[in-house]
Amino acid sequence: MINLKQSGDKMAEKIVVKNLTKVFGSRPRIAIERLKKGWSKRRILEKTGQTIGVNNVSFSVNEGEIFVIIGLSGSGKSTLIRCFNLLNQPTSGEIWVDGENIVNYDKSKLRKFRQEKMAMVFQQFGLFTHRTVLGNVEYGLEIRKVSKEERRKIALQAIEEVGLKGWEEKMPQELSGGMQQRVGLARALANNPDILLMDEPFSALDPLIRREMQSELLDLQSKLKKTIIFITHDINEAFKLGDRVAVMKGGSIVQIGAPEDILNNPSNEYIEDFVKDIDRTKIVQAKDIMQRANALVSLKDGVRVAIKEMQVNGISSVYVVDKERRIQGIVTIDDCIQADKDGKALKEILKYDYFTTDQEVYIQELIDKAVETKYPIVVVNTENKVLGIIVRTSILTGLLGKKNGTSKEN
Amino acid sequence: MLANFAGVVEANNKLVEADQKPTLVFADAGWDSIRIHNQIAAVIIEKGYGYQTDVLTGSSPIVIKGLRQGDIDICMEAWTDNIIDVYQPGIENGEIVELSINYDDNAQGLYVPTYVLKGDEKRGIEPLAPGLKSIKDLPQYWQVFKDPDNPAQGRIYGSPPSWSADEILRTKMETYQLEETYDYFNPGSDTALNTSLVSAYEKGEPWVGYYWDPTWITGKYDLTLLADEPYNQEKWDAGYACEFPGVKVTVAVNGKMVEKAPEVVAFLKNYQTSTKINSELLAFMQDHGADIDKTVTWFFSDYEDLWTSWIPQEVAAVIRENINPDQTPVKADFTKFPATLSFSLGIYVEKVISWLTENFQSVFDWLKFGVNGIVSSIKKILAFIPWFILIAFIFLLGWKVDQWKSGLLYALMAFFIGALGLWDEMILTLSIALTGVMISIIFGIPLGIYMAYSKKMETVMKPLLDGAQTMPSFVYLIPAMIFFGLGTVPAVFATIIYSMPPCIRLTNVGIRGVPIAMKEAAYSYGSSAWQVLTKVELPQAMPTIMAGINQTTMAAMSMVVISSMIGAKGLGENVLIAINRTDIAMGFDAGISIVFLAIIIDRITQRISERQKND
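Residues numbered from 1 in each chain as written. Chains lettered and ligands numbered in written order. Predicted model: local features only at pLDDT ≥ 70, side-chain atom pairs only at ≥ 80, totals over all residues.

Draft legend 1. Expanded view of the overall build of chain B. Each helix and strand in chain B was counted, giving 27 helices and eleven strands. Taking all 615 residues of chain B together, the buried fraction comes to 45%. Sequence separation of 24 or more characterises 74% of the internal contacts of chain B that already satisfy a separation of 6 or more. (Helix = DSSP H or I, 4+ residues; strand = E, 2+ residues; numbered from the N terminus. Buried ≥ 20, exposed ≤ 12 C-beta atoms within 10 Å, placed from the backbone. Contact = placed C-beta atoms within 7 Å.)

Okay, here's the thing in structure tokens:
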């Protein structure tokens, strides 16, 4: 047995992969020997005719995370994901799921494992064209011999979850690509697996639909908290979805990390190339570039405190909050000086033409606001508490890949 | 150089000669003695008179038709009584000229293998009908000759249809009241009759039926002609209550021969043999690998007195010179495949088949019993349904799978078949075809699935299937006949072999065509192989499999019709009789009925398969 909770890890490791290798061909052992001797993939193919799909890969996937595997075509990512449910039988190595090495499963154990632990969503959907949407979604349950009423109930629920209510009796080929993949997703969800394997599920969809599906997957995941292994060749998708991203090249994993880490500290040139053409506006979120709001004025403070605060920080406006740090408005230096003369209270000179945003928003969506606004953008949480502010320059520097711009506005 | 030049001149001379003298065409009506006579006459005509000769093959009435129309010039054996309907009018209007009587001391009637009467100690056969002497004893022994299609009666193998013996025997059955205990079985053709006799003989089984002498069979096998009243005209006219008179077997030629080849006509006028000579020739031939050339060479050396008496001295001298192999130097002719290299593959197949029949007879009997049961129950069900209900059913089926107009059309077609008086025949054809299709599907689909799963199996099966479908369908009749005799069961058997390949093939194609992504998806949800097959692959492949079943059905229909040659009853039998009688009206009625039946079945199964596809 393997120790699931390693010291220092807050999250449980759901899947642990150790030294996994997959060779395609009739004499895989020879290929493995040659690999150990340090032969290159190409040389092995030329000399022995064996193709190395996955080359000695080790990593772990945490429970409840979206683990994205990215790579160019031929990098072995699809081969790797097919090892998790043994659609590809690994040539050597171990895959531990919930403390059991699944590689050695016999037929009946494997079937049970596939029925209960994992479900897969395919790039080409893999829907059964002779069954209705409902029939497709019911499939996994039917295989498990769940009673008719029960599986109908579960399937209808899954269909509703993916937004296909009312389409139950349609045939898959009557639906658009996006809707077909929703069926694929519903089929997987109906099985209520711990682990979702998604093999380039959105690659066949057009960009608009793809983005929509990505967001919906994130929504679903926030509710369901599955362990998801997600394959893609689209770096934007990887960084948008992934809690952690593994980059594959030539059958090996060349870097694993959170999207930001990979983006900012590419471990080698290959990854640098890979992330070069990434659209950072879709990766970098408000929380990545916001600054601490050092200068804040409480509502009960007077106008003078506000003036002093601005003078100290060298700024021309300051946000006003209540005692719970909830945003109330903004005051400018000019208004404050005038109010001081007129004896007005802070409350009377509050302005409201600022923008707020939540911390998860991508800077892509902040660019327009940044251009329009006179004041820094306020990052708030759901209770309207101020978490930080974003100044225009930090959006621009965020685009260039430098974290936490230091310049301040005004 | 000079020699070559001479050769060219010689060849040119031959060409000129060939131009001047027409090619004379012999009738080959299918049995061995006529072939031997053809060959003998051909040698004399070619070597002695310098004509080219050729042969046209057909059933007896057809070659006589050909003789009358001038497609055929010479018929060496016209069994006049058997073909009287076509022959006599030809004589009367001068289309045919009868030149001589080849022989008339022949015999025909009902034969049984002698071991049935006396047993055969060497082969361990008990005499099954020791008291059977004459036709009149037959009712006592009907159980010995049980009809496999109808075990409540005996079976008498009848004459090939359209031979006059056919009509005579049917009447004789009534006259002697044999029909109470025996079924008069139409063997479909003389070849089928031969096969049934030979295979029964080889197995040592009882057999009673029409046969005639001389043939190689009567030469080779020990058969006994059942006694009958001695021939006299009075009894003959009163329901053929006596033995057959000897049939006049004549040499007949087309009327124009007299001008076209007068010297040949003169020669043929002298052509005469006897039953004895014929039997000797046939036995010789049978003993020498059925080689006609050898037999004829033997004839020319051993019967010199006979053949020289037919022709003038000088012609005989020329022939003698030409046929002596020592005097003709053998030139290497590379345009001809060397005869010494030839061998027959069929011999081995024959050996395997006879080994099978010897060792697995009980299996075949068991199969026979089973298949017979299926056919007769389908037949009973179909025959039990009143005709109008069956037509209504066809209408509804057509409506359901297509539209009411189609249903109406199919119903009208079925009605039309009934109106032609062929309803019962249609039911028979249908029940044999349905049995064949059912069994084909039961075996074909699993085989197709196996083929789709196993690369090896596909490699083995593909050429077999190609071969099975390209092989002329007639060929299947032979093993079917040998294993199962004549009648319904071999027809079903032949139908199965012929109609199963499309079912296997398209099941294979259908299953292989299921997208891998779909199968992977099914497996990824933990399906067992059986679940993948039944829940994904078969439903996915169903449109293709249905197309295969449609093809299978059509193949079965066509084979059932052909199977009439080995005694399958139904629409095909009518076609066959019509061919033999060259009866246009009868042939057309039966033919159009087959077409209509085929259209009904084809359209309905096709629509079903299309609907599968669209769903």
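Draft legend 2. Looking closely at the overall build of chain A. Looking only at helices and strands, one finds 16 helices and 16 strands in chain A. Looking at chain A as a whole, 40% of its 410 residues are labelled buried. Contacts in chain A between residues at least 24 apart in sequence constitute 64% of all its contacts with a sequence separation of at least 6.

Draft legend 3. Looking closely at the interface of chain B and chain A. Across the contact, 14 residues belong to chain B and 17 residues belong to chain A. When residues of the side of chain B that touches chain A are traced back to their parent elements, those giving at least two are α24 (516-524) and α25 (529-562) of chain B. Among the residues making up the side of chain B that touches chain A, the classes are represented as seven nonpolar, six polar and one charged. (Nonpolar A, V, L, I, M, F, W, Y, C, P; charged D, E, K, R; others polar.)

Draft legend 4. Representation of the environment of I91(B). All names here are of chain B. Within the secondary structure, I91 sits in helix α4 (residues 84-92). Residue I91 is classed as partly exposed on the basis of its 18 C-beta neighbours within 10 Å. Residues within four places of I91 in sequence aside, it is in contact with I96 and E98.

Draft legend 5. Expanded view of the sheet that holds strand β14 (residues 356-357) of chain A. All names here are of chain A. Taken together, three strands build an open sheet; the order of strands is β14-β15-β16 and the sheet is mixed. On the outer flanks of this sheet lie β14 and β16 (386-390), each paired with one strand and no other. In this sheet, β16 lies alongside strand β15 (residues 377-380) in antiparallel orientation, the contact comprising four bridges. By the bridge assignment for β16, V380 is matched with V386. (Pairing = 2+ DSSP bridges.)

Draft legend 6. Broad picture of unusual backbone geometry. A cis amide bond links D213(B) to the next residue, P214(B), at an omega of 15 degrees. With respect to the element layout, P214(B) can be found in the loop between β9 (209-213) and α8 (216-220). In this structure, N192(A) takes a positive phi of about 50 degrees despite not being glycine. Positioned with a positive phi, Y240(B) is a non-glycine residue whose angle comes to about 55 degrees. Assignment of secondary structure puts Y240(B) in the loop between α9 (233-237) and β11 (249-254). The class for Y240(B) is buried, based on 23 C-beta atoms found within 10 Å.

Draft legend 7. Inspection of the environment of I156(B) at higher detail. Residue and element names in this part refer to chain B. Residue placement: I156 occurs in strand β7 (residues 150-157). Classification of I156 as buried rests on a count of 25 C-beta atoms within 10 Å. Expressed as a C-alpha distance, the spacing of I156 and V208, which sit 52 residues apart in the sequence, is 5.5 Å. Discounting residues that sit within four places of it in the chain, I156 has contacts with L110, L178, Y182, Y184, F185, V208 and G209.

Draft legend 8. Inspection of the packing of helix α21 (residues 455-470) of chain B against helix α23 (residues 488-512) of chain B at higher detail. Residues and elements named next belong to chain B. Taken N-terminus to C-terminus, the directions of α21 and α23 make an angle of 140 degrees; their axes are 9 Å apart at the nearest point. As judged from the angle between their axes, α21 and α23 are oblique. Along this stretch, α21 crosses α23, giving a crossing that reads as left-handed. From α21, E458, M461, L465, A468 and Q469 reach across to α23, where they touch I497, P501, I504, R505 and N508. (Axes fitted to C-alpha atoms, helices over the stretch in contact; angles between N-to-C directions. Parallel < 35°, antiparallel > 145°, perpendicular 65-115°, else oblique. Left-handed = near helix turned anticlockwise from the far one by under 90°.)

Draft legend 9. Quick look at α4(B). Residues and elements named next belong to chain B. Of the residues making up α4, those classed as buried are V86, Y87 and G90. Along α4, the residues classed as buried sweep out an arc of 95 degrees about the axis, all on the same side. Away from its buried face by more than 90 degrees, α4 exposes P89 and E92. Against α3 (60-69), β3 (74-79) and β4 (96-103) lie the buried residues of α4. Of the residues trailing α4, G94 is marked for its positive phi of about 80 degrees. (Arc of directions from axis to C-beta.)

Draft legend 10. The arrangement of helix α11 (residues 262-269) of chain B in detail. Residue and element names in this part refer to chain B. Of the positions making up α11, those classed as buried are V264, F267 and L268. Looking straight down α11, one finds that the buried residues subtend no more than 95 degrees of arc, so they occupy a single side. Residues of α11 that are buried sit in contact with β1 (24-28), α2 (32-49), β3, β4, β11 and α10 (257-260).

Draft legend 11. Fine view of the sheet that holds strand β2 (residues 51-62) of chain A. Residues and elements named next belong to chain A. Spatial ordering of the open sheet is given by β2-β1-β4-β5, a layout of four strands whose pairing is antiparallel. Since the sheet does not close on itself, it has two edges, and those belong to β2 and β5 (100-101), each with one partner. Inspection of the sheet shows strand β1 (residues 13-24) paired to β2 by eight bridges, in the antiparallel sense. The partner of L20 across the bridge, within β2, is V57. Lying on the sheet, helix α1 (residues 28-36) is in contact with β1, β2 and β4 (92-97); it crosses β1 at an angle near 105 degrees.

Draft legend 12. A look at the nonpolar core. One finds A186(A), I229(A), I390(A) and C75(B) to be the most contacted residues of the largest nonpolar core, which totals 271 residues. For this core, the leading source of residues is α25(B), giving 15 residues. The contact partners of I229(A), leaving out residues within four places of it in the chain, are V61(A), F67(A), I69(A), I81(A), F84(A), I195(A), L197(A) and M198(A). V23(A), A31(A), L35(A) and I44(A) belong to the second-largest nonpolar core, a separate cluster that totals five residues. (Core = buried A, V, L, I, M, F, W, Y, C linked by C-beta atoms within 7 Å.)

Draft legend 13. Representation of the environment of P501(B) in the model. Residue and element names in this part refer to chain B. With respect to the helices and strands, P501 occurs in helix α23. Judged by C-beta crowding, with 26 C-beta atoms within 10 Å, P501 ranks as buried. Along the backbone, P501 and Q469 are 32 residues apart, and their C-alpha atoms lie at a distance of 6.8 Å. When residues no more than four places from it in sequence are discounted, the contact partners of P501 are L465, A468 and Q469.

Draft legend 14. Quick peek at the pairing of β1(B). All names here are of chain B. Most of β1 is tucked away, with four of its five residues classed as buried. Sheet analysis places β1 next to strand β2 (residues 53-57), joined by five bridges and oriented parallel. Among the inter-strand pairings, V25 is bridged to a residue of β2, identified as D54. Tracing the backbone out of β1, into α2 and back to the parallel element β2 gives a crossover that is right-handed. (Right-handed = clockwise from strand over helix to strand, strands pointing away.)

Draft legend 15. Local environment of the confidence of the model for chain A. Residues and elements named next belong to chain A. A residue-level look at chain A finds 93% of positions with pLDDT of 70 or above and a mean pLDDT of 84. Within chain A, no element has a lower average pLDDT than helix α16 (residues 392-400), which sits at 72, and none a higher one than strand β8 (residues 227-232), at 93. In this model, residues 1-10 is a region of pLDDT below 50 whose contacts with residues beyond four sequence positions or in other chains number eight contacts. In this model, residues 402-410 is a region of pLDDT below 50 whose contacts with residues beyond four sequence positions or in other chains number 18 contacts. (pLDDT = per-residue confidence, 0-100.)

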